Amino acid sequence: MKLAISCDHGAYELKESIKKHLDEKGIEYKDFGCYSKDSVDYPRFAYIAAKAVADKEYDFGIICCTTGLGVSMAANKVKGVRAAVCTNEMLAEMTRRHNNANVICMGQNVVSQELADKMIDIFISTEFEGGRHQRRVDLLTDIENGTLE
Ligand code: RB5
């Protein structure tokens, strides 16, 4: 299991606490920045981690900003990425089971560090259900490719 993680300045502290959690659990990850609380543009940091997931260099992405919203919009523009903003444990579970999400997005001003850790544990350990959900995820890919009829 290898994770790609990134954030903007608005979630620098959350990303650092997530790294500590992953270190404690012995989960491998690459930190794609940002590396301080200096102001940066969230699309760049969302893109670099999301692209690494889309390129299959990493199993999942964890991408954070102040709200989780901007980074999710940026990540979802990368082909092959299904990014979900999660604010509770049920969402972290369901977006894996039904949407086969490969990126979880969170907001530092929205979730506690403890909840973020719990959602990550759930997200990376929950299997996609497939079946009828595969058909629906395939339709998402059709939208992405402009081939949905
Ligand atoms: C940065 O100020 C803030 O806009 C960003 O962290 C994010 O919440 C955007 O959606």
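The following paragraphs examine the structure supplied in this document. Model, not experiment: these values are computed from the prediction. All residue numbers refer to position in the chain's written sequence, counted from 1. For this predicted model, a pLDDT threshold of at least 70 governs which residues receive local features, and a threshold of 80 or more governs which side-chain atom pairs are given and counted, while totals over whole chains, interfaces and linings are taken from all residues. Derived side-chain values reflect all non-hydrogen atoms in the structure, with water molecules and hydrogen atoms excluded from consideration.

### Description of the overall build of the protein
Thinking step 1. Counting its secondary structure elements, the protein contains six helices and five strands.
Thinking step 2. The C-alpha atoms of the protein give 14 Å as radius of gyration, which agrees with the globular expectation for 149 residues (15 Å, within 12%).
Thinking step 3. With the principal axes as the frame, the protein shows a C-alpha extent of 45 × 30 × 25 Å.
Thinking step 4. Burial status across the protein gives 48% buried among its 149 residues.
Thinking step 5. The contact rule is simple, with two residues in contact once any of their heavy atoms fall within 4.5 Å. Residue pairs in contact within the protein that sit at least 24 positions apart in sequence constitute 69% of those at least 6 positions apart.
Thinking step 6. All tallies of charge rest on Lys and Arg as positive and Asp and Glu as negative; His and the ends of each chain are not included. By convention, the point assigned to a charge is CZ for Arg, NZ for Lys, CD for Glu and CG for Asp. Charge separation in the protein, taken as the distance between the mean sites of 19 positive and 23 negative side-chain charges, equals 3 Å. Here a strand is any run of E in DSSP of at least two residues, a helix any run of H or I of at least four, and the numbering for each starts at the N terminus. For the radius of gyration, the atom set is restricted to C-alpha positions; the globular benchmark scales as 2.2 Å times the number of residues to the power 0.38. Relative accessibility thresholds used throughout: buried, under 20% of the residue-type maximum; exposed, over 50%; partly exposed, between the two (1.4 Å probe, protein chains only).

### With respect to the packing of aromatic side chains
Think of a pair of aromatic rings as described by two things: how far the centres are apart, and how the planes are tilted against each other in angle.
Thinking step 1. Centres within 6.5 Å make a pair out of two Phe, Tyr or Trp rings, where for Trp the six-membered ring is used; the pair is then stacked when the planes are under 30 degrees apart, edge-to-face when over 60, and tilted otherwise. By the definition in use, this model includes two aromatic pairs.
Thinking step 2. The interplanar angle of 85° and the centroid separation of 5.6 Å between the aromatic rings of Phe32 and Tyr58 together place this pair among those described as edge-to-face. Highlighted residues: Phe32 in the loop between strand E2 (28–31) and helix H2 (42–54) and Tyr58 in the loop between H2 and strand E3 (60–65), separated in sequence by 26 residues.
Thinking step 3. Residue Tyr58 is classed as buried on the basis of its relative accessible area of 13%.
Thinking step 4. Their ring planes at 70° and their centres at 5.3 Å tell us that Phe60 and Phe123 sit as a pair that is edge-to-face. Within this pair, whereas Phe60 is found in strand E3, its partner Phe123 is found in helix H5 (residues 113–125), the two being separated by 63 residues in sequence.

### A look at the site of the ligand
Thinking step 1. To be near a molecule or strand, a residue needs just one of its heavy atoms within 4 Å of it. All residues in the neighbourhood of the ligand are listed as Asp8, His9, Tyr42, Cys65, Thr66, Thr67 and Gly70.
Thinking step 2. Side-chain atoms alone can form a polar contact between residues adjacent in sequence; in general such a contact is a pair of N or O atoms within 3.5 Å, and within protein one must be able to donate a hydrogen while the other accepts it. Take Asp8: an N or O atom from its side chain is 2.5 Å from an oxygen atom of the ligand.
Thinking step 3. Between the ligand and the protein, one listed contact pairs an oxygen atom with a backbone N or O atom of Gly70 at 2.9 Å.
Thinking step 4. Per-residue accessibility takes into account occlusion by the displayed protein chains alone, with areas from the Shrake-Rupley method and a 1.4 Å probe. Surface burial for the ligand is 66%, taken as the share of its 290 Å² of free accessible area covered by protein chains.
Thinking step 5. Of the residues assigned to the shell around the ligand, the class counts are two nonpolar, four polar and one charged. Gly is placed with the polar residues, together with every amino acid not listed as nonpolar (Ala, Val, Leu, Ile, Met, Phe, Trp, Tyr, Cys and Pro) or charged (Asp, Glu, Lys and Arg).

### Comments concerning the side chain of Thr126
Thinking step 1. By secondary structure assignment, the location of Thr126 is in the loop between H5 and helix H6 (132–145).
Thinking step 2. With a relative accessible area of 15%, Thr126 lands in the buried category.
Thinking step 3. In this structure the side chain of Thr126 is engaged in a polar contact, spanning 2.7 Å, whose partner is the backbone oxygen of Ile122.

Geometric values such as these leave the question of function open.
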